[in-house]
Amino acid sequence: MDVRRAAERYPGGDPAAGISSRHAFSFGPHYDPDNLRFGAMIACNEERLEPGAGFDEHPHSHTEIVTWVVEGELTHRDSTGHETRVGPGDVQRLSSAGGVRHVERNDAELPLVFVQTWLAPLTPGGEPAYEIVHGIADSTPYAVPEAGAMLHVRRLGAGERTAVPDGAYLYLHVVRGAVRLGGEELGAGDAVRITGAEGVEAVGVSAAELLMWEMAG
């Protein structure tokens, strides 16, 4: 188990433009050769966009981009013609494949907070694809077969327990609240990287929301 605290994340974004970012892995000017990826995961960014702020059109390729909105509403537009609004409890996935361009904005009147994960595909290239699942339930994992990965969402009350999926690579991110795992107490923004996960449990210290990525070796 490798615990990474919220305060250890690399700061980024453009605060003057209403964009605040916190990066769990090497990103942009924050290059750390010992923190490039974990399993298929190459980025896990916490983003906060003030009303009217956003990322103008920019390109991606050879990346599976999965977005989880914590609060507010995300406006998404891409070069394949999709234009959607993503709210809390929705999972959005953009397979950038051989190349796609997109825009991410906060067109609402309240701040937008989201967690965005980038996964390396098993096979690069192909045609871009887009999917949104509204109101994903705790009992329904979200599969990203292109990256050999599965997302498990868990919402716990104080004292409630949940099994951490067994797997070669397991990445757990605390969205909100606090949990205890393997003797460590984790708060919002904290994460744990586990290799060879087997028989691990997370226990709610308070009401909590977790994102758990199960990835193949």
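Report follows, based on the coordinates. All values reported here derive from a predicted model rather than from experimental measurement. (Residues numbered from 1 in each chain as written. Predicted model: local features only at pLDDT ≥ 70, side-chain atom pairs only at ≥ 80, totals over all residues. Heavy atoms only, no water.)

1. Observations regarding the overall build of the protein
The test is simple: The secondary structure listing takes helices from DSSP runs of H or I that are at least 4 residues long and strands from runs of E that are at least 2 residues long, numbered from the N terminus. The reference for a compact globule is 2.2 Å times residues^0.38; the radius of gyration itself is calculated from the C-alpha atoms. Relative accessibility decides the category of a residue: with a 1.4 Å probe and only protein chains considered, values under 20% of the type maximum give buried, values over 50% give exposed, and everything between is partly exposed. The contact criterion used throughout is that any non-hydrogen atoms of two residues lie within 4.5 Å. Counted as positive: Lys and Arg. Counted as negative: Asp and Glu. His and the chain ends are not counted at all. For this purpose, a charge sits on NZ of Lys, CZ of Arg, CG of Asp or CD of Glu.
Of the regular secondary structure elements, the protein holds zero helices and 21 strands. At 16 Å, the protein has a C-alpha radius of gyration in line with the 17 Å of a compact globule built from 217 residues. Summarising its shape, the C-alpha atoms of the protein cover approximately 45 × 40 × 35 Å along the three principal directions. Looking at the protein as a whole, 49% of its 217 residues are labelled buried. When contacts within the protein are restricted to residue pairs at least 6 apart in sequence, those whose partners lie at least 24 apart make up 72%. Here the protein contributes 17 positive and 32 negative side-chain charges, whose respective centroids are spaced 3 Å apart.

2. Comments concerning empty space enclosed by the protein
Quick note on the threshold: The definitions used throughout rest on a 1 Å grid laid over the protein atoms alone, on which a cavity is an enclosed set of points accommodating a 1.4 Å probe that cannot get out and a pocket is an open set flanked by protein within 12 Å on both sides along at least five of seven lines; lining residues are those having an atom within 4 Å of a point. Grid points are joined across faces, edges and corners, and a volume is the space filled by probe spheres set on the points.
As enumerated under the stated definition, the model contains one cavity of 30 Å³ or more in all. One number sums up the size of the largest cavity: a volume of about 30 Å³. In this structure, the largest cavity is lined by Val-66, Thr-67, Trp-68, Val-115, Thr-117, Leu-151, Leu-211 and Trp-213. At the level of secondary structure, the elements contributing two or more residues to the lining of the largest cavity comprise strand E6 (64-71), strand E11 (112-119) and strand E21 (208-215). Looking at which element gives the most residues to the lining of the largest cavity, the answer is E6, with three residues.

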